[in-house]
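Residue strings, one per chain:
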Amino acid sequence: MLLQLSAAFDLHRDVVPWLVERLAAEAAAPVAGLRAGLDPVENNYEALRVVNIERNGKVIYSCKDNKKNVFFGLYDLHTKKNEHLYTFEKDLQVASCSINHEKTLLAVSFLQSDKERRNELQPVSKCLTLLIEIHPVNNVKVLKAVDSCIWVQFLYPNDERKPFPESHLLLISEERYIEQFHIQVIREDENRVVIKNLDHLPRDRVVEDFLWAQWDMSEQRLYYIILKKSESILKCIQFYADENFNLIFEVPLDISLCATELMLVNFGFEDSQNQGGLSKDLNLHVFTSHTGSLCVCYHKKLAAQEQVTYSVFYLHKGYSKTFTVDLGTLEYLLSMKDITFLNLDYYVAVYLPGHFFHLLNTQHPDLMCHSLFLTGKNEQMNLIPDGPLQSLSGSLAWDWCSEKLFRVNFSQSSLLHFLWSSSLDYERLAVLHCVLACGRNPRVLEAQIIRWIFENIWSCHTFDPIQEFLIASSYWNFCLDINNLDQLFPYSSVHSWNREIPGVTSVTKEILLPLMKVQNSKGYWEKLNANLEYVKYAKPPLLYSNNMVKREWRNLISEEKRGKRRSTAYFKNIHENAIKVISNLETWTVEPRLVPLFQEEDNQQRLLIGLMVSELKDHLLRNLPVQFIGKKKIEQLVLDYVSKMLDLLCQMLETSWRKHNLHSWVFHFDGSGSAGEYAVFHTMTQILDSVNRMCLPLPPGFHTLHLALGIHCLPLHSLLHYIDDGVLLLTETGVMKLLKDLDNTEKNEKLKFSIVARLPPSIMQKISHIWDHPINSHIISRNYVKQLLQKSKRKFQSPAIDKSSFLVEFLPLNFLIEVLAEIETPHQALNPFEECDSVDAKFVEEAALKQTTMLLNL
C-alpha cells in the first residue's frame, strides 16, 4: 500500500487496560466484571468512545460505569499516559467535550433523551452545556440550556510556550451560529484555579447563518460557508492569542448546498454529529499545506449511478477540476460507503475502498500525469481501510470503525516498489514525483531511483527519466522554502499531457481567486497571498528556462570560432561562478569518487556552469523580493541548485561505475574495452543526450572520460561517426593523453591521424608538438596554408626568394611557397619540433617534400 497507516492511538490498546484498573479500584468491583461492564452488547452499557482530539495531542474519551456514571478521561499522545478528568454521577449522553490548554477547565455538552425529559417534574432542555472547574473539581457553570444541539471547542495557543492570558471557548449551535466565550481564571491557595466573574462571562458572536463549518485544530482556523443570494460563499476566520480574530478571506464556490442542511467537520467524534439536522450526504473538506496551497474537496451523494463525481477547487491556482470515475458496478451504493478525502501536505488522497484510489498533486495539479490514479484492480489498494477516515491536522486520520487514530504517511518502500513494477508512463511519472517529495533519507532514495532509471531508460516513451529526475529532485530539494520560488523553478520536463488515463476523466474550470481581507500577514497566509498574487500578475509565467543559457552559450562558441572575445571582466565573473559551484559541490562529497572527474580544467563545462549560475541568479533577483530575502541567500540558493544538478549527475556515473565493477579502472587509452566499459559508455552517451537537450552543464572531465571509453569500445569508423556528430567531444586533455599513451603502430597511427585531423585550431596549436610524426607535420602544414590563403585578399606578384634554401626545383611547390612567403607574418604558430621557431613557408615546404618521399617510398 502506498500509504502507511500507523496507529498513534488505539482506544482499546491505550485506554481500556488503565480504565479497567481505575474503575475497579474506585468501585471495589472485580476487574473482570468491570471489563465486562464496558461491553455494550452483553451488559447494555454504552461503549467507551472518543469525544474529541485537541491540538496538543490530547485525546478526550468518555464511558459509563456499572452505575451509569459518565466518566471523562484524557490520553496524551506524547507521554502515552492516561488521567481522569471528571465524573458525572448521572446518566447523560455526551454530545461534545473540550478541555483548555492548562487542563483547568472542562466544557461539556450533554443531550437528554425525550424519555428522560418527560420524567422530570419541570421542563428540561434538550441540550445542556456546562463549564466545569477541574483543578481541583469545584464550580459548575451552565453556559447553555437549549433545545438544539451545542458543540464546544476551546482555543489553543499556536505556541504552547506562550499560553493565553485567559481561556477562549467556541460554542457551535445547531441553530447556525457560533459564539466565543472569554474566561478569566485566578489562582487561590496556590494550586486552586477558579473562574473570575463566573456569572458574567463576556462573549462574542463570531458567525451567523452558516450551513457548513470545519475546525482546523492545528492552525486554530474556522472555515464556514454561508448562502448569499443563493451563492455559496466560503469564509475563513483566524483566531489569535490576544483574543482577536480576523476574517481572512472569502471566495464563492460553485457547489450545491441545501438551506435546510447543516454539516460540521472536526468538531468532535460523537455519533451526535451524524444525528439530528446534520447532513449525511455532503462531503466537503478544506485542506491546506505549509507551501500556501488551499484546496476544497467536494462530493455529494447522488442517486444510483455507475459513476462517482467529485470536485477539487485549487483556490491557490485559480481553477477547479471535476473528476469522474467509472465504477462499472452499483455495489458501493448498497454498502453506503462514502469517498474519503485525506490531506497529505503536497497531495490529497481521494479513495473509495475497493474501487479507486487517487493521489492528487496540489502543488502542480495542472497535468494529470503528475497525479496518480489507481483502480480497484490494483494491488496497492488492498490494505486501505474499508471504513471512512476523517482527515485531521498534522497527517492524522480518525477511523470511525476501528476507533483508532492513525498517523498517515507515504510508504517509501511501497512507492519504490510501485515505481519498479509499473509499466505505465503516467503512473511512473506521478510516483517519481511523489517519492521525491515525500521520501526520507534523500541520498539513499536518489541512489535507488538512479538504479531504476538505468533499468528502465528505454521503456519510458512519453518522458525522459534522466531529465525528469534531474529537474524534479532539484525542485523538491530547494524550491519550497521561499515564497514563489516554486513558481520560478522548473518542476518537470513534461510541459503538456494530452493522453487519456483509463477509468477517470477531468474537466478544468477557471474560478475566482479568494479575496484576502487582511494584508501583511505572516506564515501560511503570507505564502497563500504570494501564490494568489503570482496567479493574478505573472502572465506569462515566470518559469526559469535554460534557453537564455543556450543562446549565450552558442554565441560564445560562435565568437570563439570567429576569433572574437568578450571582456576580461565578463569571463572572470563566469569563471568565479564555476569555481564557487565546484567548491560548494566538494563540501557535499562524503566518500572518495570512483569516477575520474574534476581532474582537468574543462573550460567549456566551467563556462557553461558559470553561465547557468549567472542567468539563474539574474532570473531570481528580477522576480523575488530581494529586500526581504537577501541577495546572499539568493546567491547561495543558486549555487546549491546548480551544485545539486552536478551532484546528481556524479551519482549517476558513480552508480553505473559500481554496477559494472569498474572500481579498479585506470584512466588510459590503450587496450580494448570490456563489457562493463561498453555498458558505462552507452550510459554516459544517454546522459549526455538528455543533458544536452536541456543545455545543462556536465561535471568537468565528463567529455574526456567519455572519449576514452569510446576509443576503447568503438571500432574506428563508429568512433569517427560519434565525433563528427558531436556525441564525442575532442578535449585538449583527452587528445594529449591519447598522443602520449599510444605508440606509432599502423593501427594507432591511423587513429591518431583521424583524431588530429578533426581537431579545432585552438586545440591543434596547443598539442601539435606532442606527436613527432610526419603525418602531424602534414596536417599542420595543410591547416597553416588554408588559414594563410583565407586571410589573403589581395593580388600578389612573385617575390625574389632565396633559392638556396630549397632542396629541389619543383615548380608547383615553388610557386606555392613564394605565395606563402609573401603573405605570411612571423610567429603565427609554433614549430611542433622546435618550439622557438615559427611555422613558416620553409616548414610547409619541408613537410610537403617529406610526405611526397614517403608516398613514393623513396
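Throughout this description, residue numbers start from 1 for each chain and increase along the sequence as written. At least 70 in pLDDT is required for a residue's local features to be given in this predicted model, at least 80 for side-chain atom pairs to be given and counted, and no such filter applies to totals for whole chains, interfaces and linings, which use all residues. For the side-chain quantities, the full set of heavy atoms in the structure was used; hydrogens and water were omitted.

K.L.:
Hey, could you run me through the overall build of the chain in this one?
P.N.:
Each helix is a run of H or I in the DSSP string that is no shorter than four residues. Each strand is a run of E no shorter than two, and both are numbered from the N terminus. Across its full length, the chain carries 25 helices and 33 strands. Taking all 858 residues of the chain together, 55% fall into the buried category. Two residues form a contact once any of their heavy atoms are found within 4.5 Å. Across the chain, contacts joining residues at least 24 apart in sequence account for 60% of those joining residues at least 6 apart. Values of accessible area rely on a 1.4 Å probe in the Shrake-Rupley scheme; residue burial ignores everything except the protein chains shown. A total accessible area of about 39700 Å² is found for the chain, and carbon and sulfur atoms account for 50% of it. For every residue, the accessible area (1.4 Å probe, protein chains only) is compared with the maximum for its type, and the residue is labelled buried under 20%, exposed over 50%, or partly exposed between those bounds.

K.L.:
Where do I start with the side chain of Glu446 in this structure?
P.N.:
Tracing the backbone shows Glu446 in helix α8 (residues 442–456). Not counting residues within four places of it along the chain, the set of residues in contact with Glu446 comprises Phe469, Ser473, Asn477, Lys644, Leu648 and Gln651.

K.L.:
Honestly, the pairing of strand β14 (residues 192–195) in this entry has me stumped. Any pointers?
P.N.:
Successive residues of a regular strand alternate their side chains across the two faces of the sheet. Any two strands with at least two DSSP-identified bridges between them are counted as paired. Bridge count for strand β13 (residues 185–188) against β14 is 4 bridges, and the pairing is antiparallel. Residue pairing for β14: Val185 is matched across the bridge by Ile195. Taken together, β13 and the strand that follows it, β14, pair antiparallel across an intervening segment of 3 residues, in which Asp189 is found at a positive phi of about 55°.

K.L.:
So what exactly am I meant to see when it comes to the environment of Ser656 here?
P.N.:
Relative to the helices and strands, Ser656 is located in helix α16 (residues 631–659). Its relative accessible area of 2% is what places Ser656 among the buried residues. C-alpha separation for the pair Ser656 and Phe454, spaced 202 residues apart in sequence, amounts to 8.1 Å. Not counting residues within four places of it along the chain, the set of residues in contact with Ser656 comprises Phe454, Val680 and Thr683.

K.L.:
What exactly am I supposed to notice about the sheet that holds strand β24 (residues 319–326) here?
P.N.:
Hydrogen bonds along the backbone pair up the strands of a sheet, which may run parallel or antiparallel. Spatially, 5 strands are ordered β21-β22-β23-β24-β32 in an open sheet, and the strand pairing comes out antiparallel. Edge positions in the sheet fall to β21 (282–288) and β32 (504–510), since each has one partner strand and no second. For this sheet, the mean angle separating the axes of adjacent strands, direction not counted, is 15°. Here β21 runs beside strand β22 (residues 294–300); their pairing, made up of 7 bridges, is antiparallel. Across the sheet, the residue bridging to Val286 is Val296, located in β22. Working convention: axes come from line fits to C-alpha atoms, limited for helices to the stretch in contact. Angles between N-to-C directions cover 0 to 180 degrees.

K.L.:
I keep staring at the sheet that holds strand β7 (residues 105–111) and nothing clicks. Help me out?
P.N.:
An order of β6-β7-β8-β9 is seen for the 4 strands of this open sheet, with the pairing classed as antiparallel. On the outer flanks of this sheet lie β6 (93–99) and β9 (137–146), each paired with one strand and no other. Strand-to-strand, the axes of this sheet are offset by a mean angle of 20°, without reference to chain direction. In the sheet, β7 pairs with strand β8 (residues 127–134) via 7 bridges, with the strands oriented antiparallel. Looking at β8, one finds that Ala107 is bridged to Leu131.

K.L.:
Can you help me understand the packing of α8 against helix α9 (residues 465–478) in this one?
P.N.:
In helix packing, the relevant descriptors are the interaxial angle and the interaxial distance, both defined with respect to the helix axes. With their axes 10 Å apart at the nearest point, α8 and α9 run at an angle of 165° to one another. By the angle between their directions, the pair α8 and α9 is classed as roughly antiparallel. Relative to α9, α8 is oriented so that their crossing is right-handed. Residue-level inspection shows Glu446, Ile449, Ile450, Trp452 and Ile453 of α8 in contact with α9, the latter providing Pro465, Ile466, Phe469, Ser473 and Asn477. Its residues assigned to classes, the contact of α8 with α9 shows 7 nonpolar, 2 polar and 1 charged. Note that the term roughly parallel is reserved for angles under 35 degrees, roughly antiparallel for angles over 145, roughly perpendicular for angles of 65 to 115, and oblique for everything else. Two helices crossing with the near one rotated counterclockwise from the far one by less than a right angle form a left-handed crossing, whereas a clockwise rotation gives a right-handed crossing. Polar here means any residue outside two lists: the nonpolar Ala, Val, Leu, Ile, Met, Phe, Trp, Tyr, Cys and Pro, and the charged Asp, Glu, Lys and Arg; Gly therefore counts as polar.

K.L.:
Just to check I follow, could you spell out the pattern of salt bridges for this structure?
P.N.:
Where charged atoms from two side chains of opposite charge approach closely, those side chains can pair. Salt bridges, as used here, are contacts in which a Lys or Arg side-chain nitrogen is within 4 Å of a carboxyl oxygen on Asp or Glu. According to the stated counting rule, one finds 28 salt bridges in the structure shown. Two residues, Glu188 and Arg192, come together in a salt bridge whose shortest N-O distance is 3.8 Å. For Arg221, the salt bridge identified is with Glu219, shortest N-O distance 3.7 Å. For Arg221, a relative accessible area of 4% translates into the label buried. One salt-bridge network, held together by shared partners, links Lys144, Glu179, Arg203, Arg205 and Glu208.

K.L.:
How should the packing of aromatic side chains be read in this particular structure?
P.N.:
Pairing of aromatic rings covers Phe, Tyr and Trp, the last counted by its six-membered ring, and requires centre-to-centre distances within 6.5 Å; plane angles under 30 degrees mean stacked, over 60 mean edge-to-face, and any other angle means tilted. Applying the stated rule across the entire model yields 25 aromatic pairs. A centroid spacing of 6.3 Å and a plane angle of 65° characterise the contact between Phe72 and Phe110, whose relative ring orientation is edge-to-face. Of this pair, Phe72 sits in strand β4 (residues 70–76) while Phe110 is found in strand β7, placing the two residues 38 residues apart along the sequence. For Phe72, a relative accessible area of 0% puts it in the buried group. Through a chain of ring-to-ring contacts, three or more aromatic side chains come together here, namely Tyr310, Phe323, Phe341, Phe356 and Phe373. The cationic tip of Arg205 hangs over the ring face of Tyr177; the distance from NZ or CZ to the ring centre is 4.1 Å. We call a charge positioned over a ring when the NZ of a Lys or the CZ of an Arg lies within 6 Å of the ring centre and within 35 degrees of the ring normal. Sitting over the face of the ring of Tyr570, Arg566 holds its NZ or CZ atom 5.1 Å from the ring centroid.

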